[in-house]
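Summary of structural features
Okay, here's what each chain looks like letter by letter:
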Amino acid sequence: MMFYTLVRKDLLLEFRAKEIIIPMFAFGLAIIMIFALSFNASQAINHAFSPGLLWIIILFISSLGLNRMFVLEKEFDAFTLTLAAPVDRGIIFLSKAISGTILLLIAEILIIPPFIIFMNLTIPSDWHIMVLILLIGDLGIMSIGAIVSGLSMRAKLSEMLLPILFFPLVSPHIIACVKSTNYWFKGLSFINWQFWIFLMISFVLVFFLLGFMIFEYITEE
Amino acid sequence: MELFFSKRINVIVAVFVFTLMVFNIYNIVNNTPMVPDQFWAQKIFYFHVPIAWIGFLSYLIVMIAGILYLINKKTVWDHLGFAAAEIGTLFVVLVLITGPIWAKPIWGTWWTWEPRLTTTLILFLIYVGYFMLRAFGGHPERTSRYAAVLGIVAFFDVPIIFYSVRFWEEKYQSHPQVEITKQNPEIVLPFLISLVIITILFSFMLKYRLHVLKVTHNRKID
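Residues numbered from 1 in each chain as written. Chains lettered and ligands numbered in written order. Predicted model: local features only at pLDDT ≥ 70, side-chain atom pairs only at ≥ 80, totals over all residues.

1. Let's talk about the overall build of chain A
Each helix and strand in chain A was counted, giving eight helices and zero strands. Overall, chain A shows an N-to-C arrangement of helices and strands of α-α-α-α-α-α-α-α. A compact globule built from 221 residues should have a C-alpha radius of gyration of about 17 Å, and chain A, at 18 Å, falls within 12% of that. Dimensions along the principal axes, computed over C-alpha positions, put chain A at roughly 55 × 35 × 30 Å. Counting the 221 residues in chain A, one finds 44% classified as buried. Taking contacts inside chain A between residues at least 6 apart in sequence as the whole, the part at least 24 apart equals 85%. (Helix = DSSP H or I, 4+ residues; strand = E, 2+ residues; numbered from the N terminus. Rg over C-alpha atoms; globule rule 2.2 N^0.38 Å. Buried ≥ 20, exposed ≤ 12 C-beta atoms within 10 Å, placed from the backbone. Contact = placed C-beta atoms within 7 Å.)

2. Focus: the overall build of chain B
A tally of regular secondary structure across chain B gives seven helices and zero strands. The helix and strand sequence of chain B, counted from the amino end, reads α-α-α-α-α-α-α. For chain B, the residues scored as buried account for 34% of the 222 residues in total. For chain B, long-range pairs separated by at least 24 residues make up 79% of all intrachain contacts whose partners lie at least 6 apart in sequence.

3. A look at unusual backbone geometry
Residues and elements named next belong to chain A. Look at Lys18: it is not a glycine, yet its phi comes out positive at around 50 degrees. Secondary-structure assignment places Lys18 in the loop between α1 (2-17) and α2 (21-39). Given 11 C-beta atoms within 10 Å, Lys18 falls into the exposed group. In this structure, Leu157 is a non-glycine residue whose phi angle is positive, near 55 degrees. On the secondary structure map, Leu157 appears in the loop between α6 (127-152) and α7 (158-186). Since 15 C-beta atoms lie within 10 Å of it, Leu157 is described here as partly exposed.

4. Thoughts on the interface of chain B and chain A
Taken together, the contact between chain B and chain A spans 26 residues of the former and 25 residues of the latter. Counting only elements with at least two residues in the side of chain B that touches chain A, the list comes to α4 (115-136) and α5 (140-166) of chain B. Of the residues in the side of chain B that touches chain A, the class split is 20 nonpolar, four polar and two charged. (Nonpolar A, V, L, I, M, F, W, Y, C, P; charged D, E, K, R; others polar.)

5. Concerning the packing of α6(A) against α7(A)
Angle between the axes and distance between the axes are the two parameters that describe a pair of packed helices. Residues and elements named next belong to chain A. Where α6 meets α7, the axes come as close as 9 Å, and the angle between the chain directions of the two elements is 165 degrees. By the angle between their axes, α6 is roughly antiparallel relative to α7. α6 and α7 meet at a crossing whose hand is right-handed. Between α6 and α7, the contacting residues are Ile129, Met130, Ile133, Gly137, Gly140, Ile141, Ile144, Gly145, Val148, Ser149, Leu151 and Ser152 on the first element and Ser158, Leu161, Leu162, Leu165, Phe166, Leu169, Val170, His173, Cys177, Ser180, Thr181 and Trp184 on the second. (Axes fitted to C-alpha atoms, helices over the stretch in contact; angles between N-to-C directions. Parallel < 35°, antiparallel > 145°, perpendicular 65-115°, else oblique. Left-handed = near helix turned anticlockwise from the far one by under 90°.)

6. Concerning the environment of His48(B)
For His48(B), the location among the structural elements is in helix α2 (residues 45-72). Put simply, His48(B) and Leu133(B) are 85 residues apart on the chain and 29 Å apart in space, counted from C-alpha to C-alpha.

7. Considerations on α1(A)
For the α-helix, the turn length of 3.6 residues means that residues three or four positions removed from each other point alike. All names here are of chain A. Helix length check: α1 (16 residues) gives 23 Å between terminal C-alpha atoms against 22 Å at 1.5 Å per residue, within 8%. Taken together, the buried positions of α1 are occupied by Leu6, Asp10 and Glu14. Considered in projection along α1, the buried side chains sweep an arc of 65 degrees and stay on one side of the axis. Counted as exposed and oriented over 90 degrees from the buried face of α1: Tyr4, Thr5, Arg8, Leu12, Phe15 and Arg16. Packed against the buried residues of α1 are α2 and α5 (89-119). (Expected span 1.5 Å × (residues − 1). Arc of directions from axis to C-beta.)

8. Examining the environment of Met33(A)
Looking at where Met33(A) falls in the secondary structure, it is placed in helix α2. Between the alpha carbons of Met33(A) and Leu121(A) there is a distance of 14 Å; along the sequence they are 88 residues apart.

9. Re the packing of α7(A) against α5(B)
One way to put it is that α7(A) packs onto α5(B) with a least axis distance of 8 Å and a crossing angle of 30 degrees. Accordingly, the angle class assigned to the pair α7(A) and α5(B) is roughly parallel. Crossing handedness for the pair α7(A) and α5(B): left-handed. Between α7(A) and α5(B), the contacting residues are Leu169(A), Ser171(A), Pro172(A), Ile175(A) and Ala176(A) on the first element and Val153(B), Asp157(B), Ile160(B), Ile161(B), Ser164(B) and Val165(B) on the second. Looking at the contact of α7(A) with α5(B) residue by residue, the class counts come to eight nonpolar, two polar and one charged.

10. Regarding α2(B)
A rise of 1.5 Å per residue sets the reference length of α2(B), with its 28 residues, at 40 Å; its end C-alpha atoms lie 40 Å apart and thus fit the reference within 8%. Residue Lys73(B) follows α2(B) closely and has a positive phi angle near 60 degrees.

11. Remarks on the confidence of the model for chain B
All names here are of chain B. A residue-level look at chain B finds 91% of positions with pLDDT of 70 or above and a mean pLDDT of 85. Model confidence for chain B, summarised as mean pLDDT per element, is weakest for helix α6 (residues 176-179) at 53 and strongest for α2 at 92. Note on the complex model: pTM 0.87, ipTM 0.85. (pLDDT = per-residue confidence, 0-100.)

12. A look at the environment of Ser42(A)
Relative to the assigned elements, Ser42(A) resides in the loop between α2 and α3 (43-74). Between the C-alpha atoms of Ser42(A) and Ile20(A), which are 22 residues apart in sequence, the distance is 34 Å.

As structure tokens, this is what we get:
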């Protein structure tokens, strides 16, 4: 119940202020433009590179979004009040990770159509599989992201510390995301690349559990 | 607080460790057989592999110390975690240097995205972040807590990194560590000696570092 309230709070804040999704979208668009212009490549090359590029964009915009989400909490010392809520700290972690995932998914829905158009891609017909990959991918990114943001939010240089901690930790997950996107994009059947999906799922499970258990120590005063 | 080397026992141990290291190099250069196809390049493996193992061991220590610190908040666990992280990172840097030195003559390239090498590189990057967190964390008690958490998180990441990189590239090349069980005793014995000596060196370094951290900590309190 408290979990629902916390997620609702994050989303409501965002839908009123639009401080996270709009910058994520604008930044993502800018990166796509830079990619498209700097490669200026044939369609075949674009096809080969696009899964990797897509996940780089997602990683960049997610670190932007995470930073913003936790800076918001710092304003007026809001996080201290959140911590004062009569709720397990693990639930706060879950709410942050889930609301982060929802915001990232919305940003992706905005960012992927221009990505397809600018990179001149043709998409396989079974696109719902890609939605699944995006969902698991985002859950993984946001689980480790919420842990790392919790660690870096009150440090000096927090906006620099976040990507430095976040990118190496999330790298195995990103490898798995890129691999499965790549195989899906090439139209290979699921049996050939199920390993990567299982790896992603295990990453999500490990870091959701770890975050749930450990967030208490991050937020302790 | 007294200096580390003002204790006689520490001086003796330091001289002992130094002698052992010299002996180790001598032993490796003179008493190990030349491996066909690899010649001198293979000798680095007597250092590379033990250093890599000890590097990973010290990250295991960081994780265990982190868990213990979160449970009972004793400064000694924090110091142990920090010291092990520092020495572990030093060792990991040595692994990242010796690996390419071996790879250049054998694989013909300085760097390949080989699973172990890549895992080590990613771990190294995580620990760069760890030291930045230590330096810029703000409040000291909070920084210790955060560092403990990061040590735990980093260690849980290792197996996932390893498997993701392992299957990332289908072609899989032979690696010194894979071959160790197939080697003859002439190679295994000096390897084990080197492993033991480097472990002793590691424990001595850890003891020294713990001492320094303790002295610094007491100074801050005074």
